[in-house]
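Observations on the model geometry
Chain by chain, the residues run as shown.
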Amino acid sequence: MAALGVNGPEDDSPNWDNVAWRRHEENVRRLRGRIFKATKDGDWPQVRNLQKLMLRSWSNTLVSVRQVAQHNAGRATAGIDGQVALTSPARMDLAEQTHRTAQSFMPLAVKRVYIPKANGKQRPLGIPVISDRVHQARHRNALEPEWEARFEPKSYGFRPGRSCQDAIQVIHVTACGATAQRLWVLDADLTAAFDKIDHDRLLATIGNFPGRTKIRGWLKAGVFEKGKGFTPTDAGTPQGGVISPLLLNIALHGLEEAAGVRKERSDPQRTKRGSPSLIRYADDMVALCYSKQQAEDVKTRLAAWLAPRGLTFNEDKTRIVHLDDGFDFLGFTARRRNGKLLMKPSKAAVKRVRHRLSAEFRALRGTNPATVLAKINPIVRGWANYYRGAASSIVFAALDVHLWRLTYKWACHSHPHKPRPWIVNRYFGRYNPDRQDRWVFGDRNSGAYLPKFAWTKIVRHRLVRGNASPDDPAQAGYWAERRSKNQPLLDRRTLHLLRRQHGTCPICGELLLHADREPQSPREWEQWHRTARKAITRQIIAVYGNGLSDDARLVHSFCLRRTTGGQQEPAPLNS
DNA sequence: CGCAGATTGAC
RNA sequence: AUUGUCAAUCUGCG
Ligand SMILES: Nc1ncnc2c1ncn2[C@H]1C[C@H](O)[C@@H](COP(=O)(O)OP(=O)(O)OP(=O)(O)O)O1
Ligand SMILES: [Mg+2]
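Anyway, here's the lowdown on the structure attached to this text. Numbering of residues starts from 1 in every chain and runs along the sequence as written. All chains are assigned letters beginning with A, and all ligands numbers beginning with 1, in the order in which they are written. Only residues with pLDDT of at least 70 are given local features in this predicted model, and only at 80 or more are side-chain atom pairs given and counted; all residues enter the totals for whole chains, interfaces and linings. Side-chain numbers come from the whole structure's heavy atoms, not from hydrogens or water.

Side note on the nonpolar core
Quick note on the threshold: Only buried residues count toward a nonpolar core. Its members are Ala, Val, Leu, Ile, Met, Phe, Trp, Tyr and Cys residues joined through side-chain atoms within 4.5 Å. Each residue is placed in one exposure class: buried if its accessible area under a 1.4 Å probe, protein chains only, is under 20% of its type's maximum, exposed if it is over 50%, and partly exposed if it falls in between. Note on definitions: a residue-residue contact is assigned when non-hydrogen atoms from the two residues lie within 4.5 Å.
With 51 residues, the main nonpolar core has Phe327, Phe329, Ile376, Trp383, Leu403 and Phe453 as its most contacted residues. Ignoring sequence-local partners within four residues, the contact set of Phe329 consists of Ala167, Ile168, Ile171, Ile279, Tyr281, Asp284, Met285 and Val286. One finds Leu252, Ala282, Leu302 and Leu306 within the second-largest nonpolar core, a separate group that totals 50 residues.

Description of the side chain of Asp189
The following threshold applies: Each helix is a run of H or I in the DSSP string that is no shorter than four residues. Each strand is a run of E no shorter than two, and both are numbered from the N terminus.
Looking at the secondary structure, you find Asp189 in strand E3 (residues 184–189). Since its relative accessible area comes to 6%, Asp189 is described here as buried. Among residues more than four places away in sequence, those in contact with Asp189 are Asp283, Asp284, Thr312, Phe313, Asn314, Lys317 and Thr318.

Section: the site of ligand 1
Definition in use: Put simply, a residue is near a molecule or strand once any heavy atom of it comes within 4 Å of that molecule or strand. Here a polar contact is taken to be a pair of N or O atoms separated by no more than 3.5 Å, where protein atoms must pair a possible hydrogen donor with a possible acceptor and residues adjacent in sequence count only if both atoms sit in side chains. Polar here means any residue other than Ala, Val, Leu, Ile, Met, Phe, Trp, Tyr, Cys and Pro, which are nonpolar, and Asp, Glu, Lys and Arg, which are charged; Gly is therefore polar.
Around ligand 1 sit 13 residues, and of these Lys117, Asp189, Ala192, Asp283 and Lys317 come closest. Asp189 places a side-chain nitrogen or oxygen 3.0 Å from an oxygen atom of ligand 1. A distance of 3.1 Å is found between an oxygen atom of ligand 1 and a backbone nitrogen or oxygen belonging to Phe194. Sorting the residues of the shell around ligand 1 by element identifies strand E2 (122–127) and helix H7 (193–196) as the ones contributing at least two each. Partitioned by chemical class, the residues of the shell around ligand 1 number five nonpolar, three polar and five charged.

Concerning unusual backbone geometry
Positive phi values are uncommon outside glycine, yet Ala192 reaches one of about 40 degrees. Locating Ala192 in the fold gives a position in the loop between E3 and H7. Taking the relative accessible area as the measure of exposure, Ala192 reaches 32% and is therefore partly exposed. Positive phi is not limited to glycine here, since Asn338 has a value of about 25 degrees. When you line up the elements, Asn338 lands in the loop between strand E10 (332–337) and strand E11 (340–345).

Below, the structure written as structure tokens:
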């Protein structure tokens with residue numbers, strides 16, 4: 001208690017299940033913020049001191065163990081030592097052990113496993129032992145905020161608070177207008193990026209970070225492969241290491257300047273006219289240039305800059321093209337059509353999801369509709385969600401046609417002797433009350449149905465501010481506002497209606513939600529509109545009248561049915 | 001508001 | 001067993 005859990009395990013209850021996670025996360029978050037700020041201020045002695053503090057922090061250890069041994073998908077996969085920590089006592093042991101050995105531990109070799117890549121080749125993973133993953137996570141919390149304060153604003157891969165959609169949107173806004181000047185594109189990727197990073201160069205870049213000898217230890221730890229034994233490593237960082245993504249970003253820091261990108265002196269956020277613009281996502285990058293010649297110059301400059309860092313372009317994935325011919329980036333295709341730049345799902349991505357869906361339906365033959373929905377709905381929702389910020393309507397419609405075929409074939413296969421109208425009647429209908437669509441595949445037992453890609457609302461993605469970092473204490477307000485604006489799209493209007501009606505149903509006069517009274521405090525309102533959202537999705541309450549106009553009312557859906565005799569459909573309340 | 005599980009996508 | 005980082009989303013429970 002006294003030292004806010006920063007100094008040692010003795011401060012805390014030894015029970016993993018009683019750990020005050022909120023407090024420890026807050027400790028780590030605050031310390032990250034201080035490292036970020038000290039870096040921005042250029043106060044290097046302070047940066048190093050705070051990093052040492054982070055490397056001694058018990059909160060950091062706890063948070064890191066939870067991430068690695070509890071939250072991550074690979075928690076049950078051991079490294080070469082065969083160790084995992086899947087129970088609460090084992091996790092507490094792991095925390096105490098990693099904390100005790102924070103200075104003395106020796107990194108172990110990673111386990112080599114090969115997984116298939118999208119292009120059919122193999123990806124060599126390097127899986128560290130669980131305790132090394134914890135140590136790496138601890139070091140990342142010390143190292144990352146320093147570099148977050150320095151990274152280029154247009155680098156998006158592996159960085160907290162930044163997404164593929166941000167990178168795509170930046171390309172869109174810099175090349176969308178009819179008057180856009182940068183029409184030649186260098187689209188480049190590096191060969192085996194993680195595996196080839198030069199150790200000495202990287203360690204020099206990291207400088208006198210207090211955990212540098214440990215970082216060095218992980219880089220040099222070597223590989224153990226079943227049947228082949230131990231191999232030392234002389235380059236690269238393991239694909240599977242917790243800090244590896246951060247290390248790649250550090251190794252590639254400065255790439256933008258090397259490409260010849262120049263910023264306005266008055267506003268360092270803006271790139272100079274005449275200068276190319278470079279957007280990077282991990283080892284994948286796009287340079288928007290004024291001419292083909294400029295794109296070629298950028299490429300030669302970059303190749304020279306990359307070489308001493310151990311990195312080379314992957315010529316198979318590197319090209320120089322005109323925007324009118326289009327290029328693929330992060331699963332999107334960018335292409336200019338009569339003066340406008342369109343970002344749509346790439347051909348390869350569409351093909352992949354098509355094959356995925358076909359394969360799933362093949363595997364689902366002979367099951368019931370509920371099983372189909374349980375398997376397919378998350379795929380549709382997840383995929384549509386990723387592309388909802390782009391010009392995806394046409395692709396979505398095409399995928400719905402594909403899905404219709406698959407469901408129809410699936411239904412026919414289930415009932416080979418029934419007539420077609422029977423099959424259609426049995427499995428297809430107007431299952432979604434908000435849509436006038438009779439061709440929705442659904443389960444007549446539960447009323448559950450298969451959503452269509454095309455129902456996904458196309459929403460413009462909100463771009464992150466160029467230099468924004470969640471580690472920056474000065475920008476805490478920006479991130480809070482961003483979260484609140486992004487989250488409750490549906491709740492804004494609903495909350496307004498709820499408050500106006502004092503939480504009651506105008507038809508029966510009862511409270512709309514299962515609560516004994518109208519909420520009084522702001523905190524109670526907060527909880528209210530959370531339950532309201534659930535109630536709406538479950539159609540316990542509905543909107544009476546035009547859902548968009550001001551005279552709309554929230555009512556119990558059974559009240560609505562009773563008064564209108566089922567005449568009026570529940571108005572679409574979105575979803 | 002707190003805890004937990006799951007899926008999708010990029011690399 | 002297939003690891004890691006990041007983002008988005010959904011669903012449960014108290
Ligand atoms: N599934 C993954 N697990 C861990 N790290 C990954 C994974 N996918 C990609 N990465 C990391 C490691 C890669 O070196 C880096 C760049 O990805 P990518 O360009 O697809 O492969 P690559 O650069 O290693 O080989 P290639 O020569 O085919 O480009 O991102
Ligand atoms: Mg690559």
